[in-house]
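What follows is the residue order along each chain.
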Amino acid sequence: MSKQKELEKKIIYHKQQYYTGRAEISDAEYDNLEEELKNIAPDSYVLSQVGFTFETKKIKHNYPMLSLDKRRNPDEIISWMDGEPCMVSYKMDGSSASLVYENGIFKLAKSRGDGIFGENLTSYFKYIKFPAILFCDPLKGKTVEIRGEVCISRNSFYLLADKMSSKKLERPKSIRNIVAGLLHKKNDLELCTYLDFIAYELFCDDLKIETEQEKFNILECEKFKTPWHTSIKNKTEFNTVLEEYQNSIESGDYLTDGLVLAINNLKIQRDRGITAHHPKGKMAFKFKSDVAETTIENIIVDVGRTGKITFVAQLSPVELSGATVRNVTLNNAKYIENNNINTGCQIEITRSGEVIPKYLKTIKENGVYELPQQCPSCGGNLERSVTGIDLMCKNFKCTAQLKGKIANWIDVTGIENIGPSTLDRLYDLKLVTTPIDLYSLKGEDIADIDGLGKKSADKIIENINTSKNLKFATFLTALGIDGLGKGVAALIAEKYPSFEHLQSATVEDLKSINGIGEILAGNLIDGMNKFGSELYKDLLSKGVKITGETVKKGDVFKDKTFVITGKLSKSRKEIADFIKQNGGKVTGSVSKNTTFLVCNEPSESSKSKKAKSLNISIISEDELFKI
Ligand SMILES: [Zn+2]
């Protein structure tokens, strides 16, 4: 077979696997295959076939649904912009869909398909939340096509995985392929309630829209979710966005795989024309993904706060995207088994966008890894988790778990200045062996700890005291129960606003909360019985106040635009949510439209310099919450 034929066959095969939720290779590897084919046969029909089409009833797109050309170097983006102001948005990583509205009412949804014909997705959209009727002035009563990406948030993915296990379906392993997988399911369509539609494109023949900005304004007026976006004019502004994007890759709510740039002026954008496959007025930016081969020298076993055993491979040091990589995580026991990983085996790792290196695949096996039977911290016997994915230490007195629980407590309740080494010392000296001990600490007890000193000791005590007012949802998250993150805790606290309310709840009751599965419900009740109840009573006796949810909702920030930067005590997302709940807007870069820059140490960041030059008020985190 010729090299071209071979590549075409491979690409079609992997495309098919991807679109049926069974991807075998990473996106980076897939991109490399396409790149390779592009080099030897730029006109191959396989390259113009955007999605994988099935033999189902197809619907023609009124406007071709082209894919975007991509660049991997920021300088290439700048030369492509050619001085034109652009709208830049995060490129959502899900499945593209196009929604057709007739007379302002939702009629059908279709996939991208081959760009000319899409598959009918309407029955899946019965379960996805999106505006089914267009209310705002420009679109009301019109025939419109709205395009976007069907995505799943990281939080919803966890809930979905739980739900699928409880329905005895195979637990999804990767957030990357699950959306395409769900949109091809013939049964259990209701699982699509976990999906979101994020809109970014709009077509309407009898409406004159002049800019990309206007498009987003209209979509937002109709209450569509939209990807994070901002407008840029030059290289400096693009670099600011790039920096912001890099920070958000691992922590954002949704998976993204780059940036989309579109020339803001739609006439100029159209005038640039189209190639056979791509519009020339739009461009994607993706980080170069590098791949390297190395050998696993050792596998380090550790235990986390929930008792889950974690595995990290120590590698023969290897250069990857300009850095030396020495470790990669191997996730869990099942992962090691599934991928035939062992010490001495040869593997491929990848790294893209300067983020954490990841294991890709095993190239040369080296026998079967013997999974540990004893906990590396307490020596207790390990058991498989209910899902079969993890090995667990079930000893509730396990030191690593206890330390992990305290560390999580400190993190979630926002107590500052107690880092891992201080915590280790506090634990070893038996000053803090449970979260409750934190509230009995005295300055003089800890001032003598290695180099801490009176000043730092007093600061720690002050921080502990100011953290004594906890919301009930924070208390739940701080317990460190497996799977109980902030999002889930908020859902629970909405229905059970206090400890007393929650005490009477059964697994069945908890499962009735949309998105909470059997396993999580069981973990929560188990955790409450084993340590939550006692901890709760002890906390009250130490003067900690735990109150029901009083999320301030209103419009105090209406028409105000915020930019958040620098070191903060809360997560960026938490602060952004607070602003949005109060009617404000959060953007990534400072411009003349910015009302406030939220920044605790104004002199240090480039954003604060820019804010000063534009006369924009700089406020601290504390000041924000007092507005
Ligand atoms: Zn243990």
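About the cut-offs
- Residues numbered from 1 in each chain as written.
- Predicted model: local features only at pLDDT ≥ 70, side-chain atom pairs only at ≥ 80, totals over all residues.
- Helix = DSSP H or I, 4+ residues; strand = E, 2+ residues; numbered from the N terminus.
- Buried ≥ 20, exposed ≤ 12 C-beta atoms within 10 Å, placed from the backbone.
- Contact = placed C-beta atoms within 7 Å.
- Domains from an automatic or database assignment.
- Pairing = 2+ DSSP bridges.
- Axes fitted to C-alpha atoms, helices over the stretch in contact; angles between N-to-C directions.
- Core = buried A, V, L, I, M, F, W, Y, C linked by C-beta atoms within 7 Å.
- pLDDT = per-residue confidence, 0-100.
- Arc of directions from axis to C-beta.
- Parallel < 35°, antiparallel > 145°, perpendicular 65-115°, else oblique.
- Left-handed = near helix turned anticlockwise from the far one by under 90°.
- Nonpolar A, V, L, I, M, F, W, Y, C, P; charged D, E, K, R; others polar.

As for the overall build of the protein
Counting its secondary structure elements, the protein contains 24 helices and 24 strands. Each principal axis of the C-alpha atoms in the protein carries an extent, and together these give about 70 × 65 × 50 Å. When the 627 residues of the protein are sorted by exposure, 35% land in the buried category. Sequence-distant contacts in the protein: of pairs separated by 6 or more residues, those separated by 24 or more amount to 67%.

Regarding the domain arrangement of the protein
Assigned domains within the protein: domain 1 (1–48), domain 2 (50–285), domain 3 (290–393), domain 4 (399–467), domain 5 (470–547) and domain 6 (561–626). Here domain 4 and domain 6 have C-alpha centroids that lie 30 Å from each other.

Re the sheet that holds strand E21 (residues 561–564)
Reading across from one edge, E22-E21-E23-E24 is the order of the 4 strands in this open sheet, with parallel pairing throughout. Strand pairing shows two members of the sheet lacking a second neighbour, strand E22 (585–587) and strand E24 (617–619), which therefore form its edges. Direction aside, neighbouring strands of the sheet carry axes that sit 35° apart on average. Note that E21 and strand E23 (residues 596–598) share 3 bridges and pair parallel. The residue bridging Phe562 from the neighbouring strand is Phe596, located in E23. Where helix H22 (residues 572–581) meets the sheet, it contacts E21, E22 and E23, and its direction lies at approximately 170° from that of E21. Seen against the sheet, helix H23 (residues 606–613) touches E21, E23 and E24 and runs at an angle of roughly 160° to E23.

Side note on the nonpolar core
In this structure, Ile152, Val179, Leu261 and Leu476 are the most contacted members of the largest nonpolar core, which totals 116 residues. Ignoring any residue separated from it by four or fewer positions in sequence, one finds Leu476 in contact with Leu484, Ala489, Ile492 and Ala493.

Brief notes about the sheet that holds strand E8 (residues 196–203)
Pairing in this open sheet of 4 strands is antiparallel, and the strands run E5-E4-E7-E8 from one edge to the other. Sheet topology places strand E5 (105–111) and E8 at the edges, where each strand pairs with a single neighbour. On average, each strand axis in the sheet is tilted by 30° relative to the strand beside it, whichever way the strands run.

Details of the environment of Ile519
Structurally, Ile519 is set in helix H21 (residues 518–541). The exposure class assigned to Ile519 is buried, which follows from the 20 C-beta atoms found within 10 Å.

Regarding the environment of Leu535
Mapping Leu535 onto the fold places it in helix H21. What Leu535 contacts, discounting residues up to four positions off in sequence, is Pro435 and Ile436.

Description of helix H7 (residues 175–182)
Within H7, 6 of the 8 residues are buried, which leaves the element mostly enclosed by the surrounding structure. Those residues of H7 not exposed but buried are Ile175, Ile178, Val179, Ala180, Gly181 and Leu182.

Quick notes on the confidence of the model for the protein
The predicted model of the protein has a mean per-residue pLDDT of 86, with 94% of residues at 70 or higher. Across residues 52–56, where pLDDT falls below 50, the model places 8 contacts with residues more than four positions away in sequence or in other chains.

Focus: unusual backbone geometry
The backbone of Asn340 sits at a positive phi, close to 50°, despite the residue not being glycine. Mapped onto the fold, Asn340 is located in the loop between helix H11 (333–338) and strand E15 (346–352). Residue classification places Asn340 among the partly exposed residues on the basis of 15 C-beta atoms within 10 Å. With phi around 60°, Lys430 is a residue other than glycine that occupies positive phi space. Here Lys430 lies in the loop between helix H13 (420–428) and helix H14 (435–438).

What to know about helix H8 (residues 212–221)
Those residues of H8 that sit buried are Glu212, Lys215, Phe216, Ile218 and Leu219. Down the axis of H8, the buried set is contained in an arc of 160°. They therefore lie on one face. Summarising the contacts, the buried residues of H8 are in contact with strand E3 (86–92), E8, strand E9 (229–232), strand E10 (256–263) and helix H10 (266–271). Phi for Lys223, located one or two positions after H8, is positive at around 70°.

So, the environment of Ile513
Its location among the elements puts Ile513 in the loop between helix H20 (507–511) and H21. Residues Ile513 and Lys5, 508 residues apart in the sequence, show an inter-C-alpha distance of 51 Å. When neighbours within four sequence positions are excluded, Ile513 is seen to be in contact with Leu491, Ile492 and Lys495.

A look at the packing of helix H4 (residues 74–81) against helix H9 (residues 235–248)
Two numbers describe how H4 lies on H9: the axes approach to 10 Å, and their chain directions differ by 135°. By the angle between their directions, the pair H4 and H9 is classed as oblique. Crossing angle aside, the handedness with which H4 passes H9 is right-handed. Contact residues: Pro74, Ile77 and Ile78 in H4; Lys235, Phe238, Asn239 and Leu242 in H9. Residue classes in the contact of H4 with H9 are distributed as 5 nonpolar, 1 polar and 1 charged.

Here's the deal with the packing of helix H12 (residues 399–412) against H13
As a packed pair, H12 and H13 sit with axes 11 Å apart at the nearest point and diverge in direction by 125°. It follows that H12 is oblique to H13 by the angle criterion. The chirality of how H12 crosses H13 is right-handed. Taken together, the residues of H13 that come into contact with H12 (itself represented by Lys403, Ile406 and Ala407) are Pro420, Leu423 and Tyr427.

Side note on the pairing of E21
In terms of strand pairing, E21 meets E22 through 3 bridges, oriented parallel. Within the sheet, the bridge partner assigned to Val563 lies in E22 and is Thr587.

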